[in-house]
Amino acid sequence: MKIICLGNYPPRQCGIATFTENLIQSILKSAEIKNEILDVEIIAINDTIQEYPYPAFVVKTISEQKKEDYVEAANYINHSSVDICLVQHEYGIYGGESGLFLLALLRRLKVPIYTTCHTVLQKPTFHQKEVLQRVAAYSQKLVVMNQLAIGFLKNSFQIQPKKIVRIQHGVPDFSSLTPSELSKPKDWKNRKVILTFGLIGRSKGIDMVLKALPKVIKKNPEVLYVVLGKTHPNIIKHAGEEYREYLMDMVHELKIENHVIFINKYVKENELKNYLAAADIYVTPYQNKAQITSGTLSYAVASGCAVISTPYWHAEELLADNRGRLFDFNDTIELSNIILELVENPEKLYQLKSKAFEYGKTMTWPIIGDSYLSLFHQAIKEEQLSKKDIFQTIPVPQFNLSHVYRLTDRIGILQHARTSIPYFKTGYCLDDNSRALVLSLYVWNKTKDRKLLELMDVYLSYISFMQQEDGSFNNFLDFQRTSFVDGVSDDALGRTFWALAFLINLAPTDSMYAFGLDMLNRFENQIQDLSYARGYANVILGLEQLIKRFPDQEKYRIMLKDVADRLCYKYTYTRKEDWNWFEDTITYDNGLMPASLYVAYQITQDNKYLQIAEESRLFLESKCFREDWLSLIGNVRWLRKGDDFALFGQQPVDAMAMVIMYEKAYQVTNDSVMIDKLLISFYWFLGYNDLNISLIDSESNGCHDGIEEFSINRNQGAESMISYLISYFFAEPYFNDPIN
């Protein structure tokens, strides 16, 4: 069997690195005992602080903030005849928001993945939840280290119990140590030693122990408190030794200098075992309840220390059944009393130490290594998860308009939101209210929900207010209702034409029909002034609706042919051998141009429109389907001839345009591949994208504003929300989650 393990590794100094080294060594020893041949390689994650002199079986490294390194590592694994990839998952060690760069590697692997979860949160943030859900989707099994984590994965992350395995944090076998291997430090002799070890930071709560010491020392001057460990590298990077200096100042102020020792170094395991075996009491005064795993706590229990801890999650489970003592967060008086009780009652101290020591024998590294090896044997027998199956099983959220209602007031739909909270400062725009009218009509046509009539009244009244005497439109309105005449874009005018035409075709009431027709008639003369491709495309989609409503009115067919010809002229004027597009730059809403020409062909049967629709669609696909998911052109850097484009700043409105394009293409070609591409484009919203993260917020039911380089844009504006819901309507007939 060959295993590649992904995670931190010594000489990098952190708990994950130490765990990974011990785990791999224990698995190798278990295989050796069973006469099994096991080949192990390590791919180590490098931080931004330094490069490390790794041992020989670290075959590759990943710079945590370089996404391309993750892709290269995936290619290496896939070509290495590997049976299993073992991943050490901790949010902070991989690049991107909450470590999402890891997903770029996992989605490409063709081997079974087993993941050890070092942190499982009860209340994860959006990115934390999405990342771990995707990690779980790609993994055959998730390994957690205590029972509480199983409940969190089931309830907070909706992960199936059959995917979860509990294997405790491994510890050295302290029972195998001989007296000759141990030596008590000279300055610990004749002292009652209290120990805390691990990387130091404010969350460790060491100041709480210092505050508890004077009361203890007054009665028991032989007590010595030892703080073993360096300051965490990330804290050093941002704050230096501020916390350590704060602790040393506190020692001086409390006048306990003779009772506190700071050992400022990162010790290797043999030295650490010696310190633990020599200590009497171990304290973990962590300040955060949400600590699901603590390697230091596990080591302290196994060493036979009498452990005192705040009631964080791992401590509550590991110290149950009198294996240790708990004190409340920040309660220094209770901590003092517990220390005094144990120091002054040798029998109680001995009983606590013995109970912990016996339990520690059940989680030694040989036992843990054997458990992992057994798990891997099972993996070889199981059928590997198909990445395609993972995509197909991404759940489609129930259709929900609640965020649309949240953004809509009696004036119109607000342009923007800060996260999910409506942002009044940016006011309203014609674009979004036109789209919102189209969406409302789609939903009304499907559900006949009378609440939608109120929405349509709002959006239609906004559009009406922005129309001028000559039939043209203004765009923006601030929250104080002052209209801004700032040059309405062609595409905004085109969308308004589409919305009004859609209303005329599907109006739920005669008064709305008459109102919309009057506005459209006054607006028609403005169409001749449009000069940009997106404006033309939106007008063609509107004319499709008018031709459906008025099949005998030849003027709309004549108008459609005129606008389609103008769009085709732009294509032929710009087209070059390697550039089959309508403009010199590919920007946003791109799919609407081919979509509109499919519509023009369907109505006129003019092969010129079909030829350009097909050529431009295939060209757009060549840019946006470089992987088997949709990679939209980002607005950070548009695509120009002879150049490349940014993969971040991707916008939901572009995904919607792709969905519409494939739906129109399917209507014309009847090619089922168009439906496959339509669904892939829709699933861009649900996480089948470059970041592998859903844009849909399960709490607000809003759609986030796009994909950035390291994270999802957490704002949830009107354009994004409407784009998702309109895409839902086009995709819904092709998946099994109908709108209720």
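Everything numeric here is computed off the predicted structure, so don't read it as measured data.

*Asks:* How should the overall build of the chain be read in this particular structure?
*Replies:* Regarding its fold elements, the chain presents 27 helices and 21 strands. Each principal axis of the C-alpha distribution contributes one length, and for the chain these read about 105 × 60 × 45 Å. Counting the 740 residues in the chain, one finds 59% classified as buried. Long-range pairs, those at least 24 residues apart, make up 70% of the contacts in the chain between residues at least 6 apart in sequence. Total accessible area computed for the chain in this model is approximately 30100 Å², and 49% of it derives from carbon and sulfur atoms. For the chain, the centre of its 78 positive side-chain charges and the centre of its 90 negative side-chain charges are spaced 5 Å apart.

*Asks:* How should I be thinking about the sheet that holds strand β15 (residues 421–429) in this particular structure?
*Replies:* Sheet strands pair via backbone hydrogen bonds, and the direction of the pair is either parallel or antiparallel. Reading across the sheet, the 4 strands line up as β14-β15-β16-β17 and stay open at both edges, with antiparallel pairing between neighbours. Each edge of the open sheet carries a strand with a single partner, namely β14 (414–418) and β17 (483–484). As defined by bridge partners, β14 adjoins β15 across 4 bridges and the pair is classed as antiparallel. Across the sheet, the residue bridging to A417 is P422, located in β15.

*Asks:* Quick question: what am I supposed to make of the pattern of salt bridges here?
*Replies:* Where charged atoms of side chains with opposite charge meet at close range, the side chains can pair. Going through the model one piece at a time under the given rule, you end up with 35 salt bridges. Its salt-bridge partner being R617, residue E614 comes within 3.1 Å of it at the nearest N-O pair. Residue E614 and its partner R617 are both found in helix α24 (residues 607–624); the two are separated by 3 residues, about one turn of the helix. By relative accessible area, which is 23% here, E614 ends up partly exposed. The class of R617 is buried, set by a relative accessible area of 6%. In this structure, a network of salt bridges that share partners links the residues D431, D491, R495 and D589.

What counts as what
- Residues numbered from 1 in each chain as written.
- Predicted model: local features only at pLDDT ≥ 70, side-chain atom pairs only at ≥ 80, totals over all residues.
- Heavy atoms only, no water.
- Helix = DSSP H or I, 4+ residues; strand = E, 2+ residues; numbered from the N terminus.
- Buried < 20%, exposed > 50% of the residue type's maximum accessible area, 1.4 Å probe, protein only.
- Contact = heavy atoms within 4.5 Å.
- Areas by Shrake-Rupley, 256 points an atom, 1.4 Å probe, with all protein chains shown as cover.
- Lys, Arg positive; Asp, Glu negative; His and termini not counted.
- Charge placed at Lys NZ, Arg CZ, Asp CG, Glu CD.
- Pairing = 2+ DSSP bridges.
- Salt bridge = Lys/Arg side-chain N within 4 Å of Asp/Glu carboxyl O.

These figures come from the coordinates and say nothing about function on their own.
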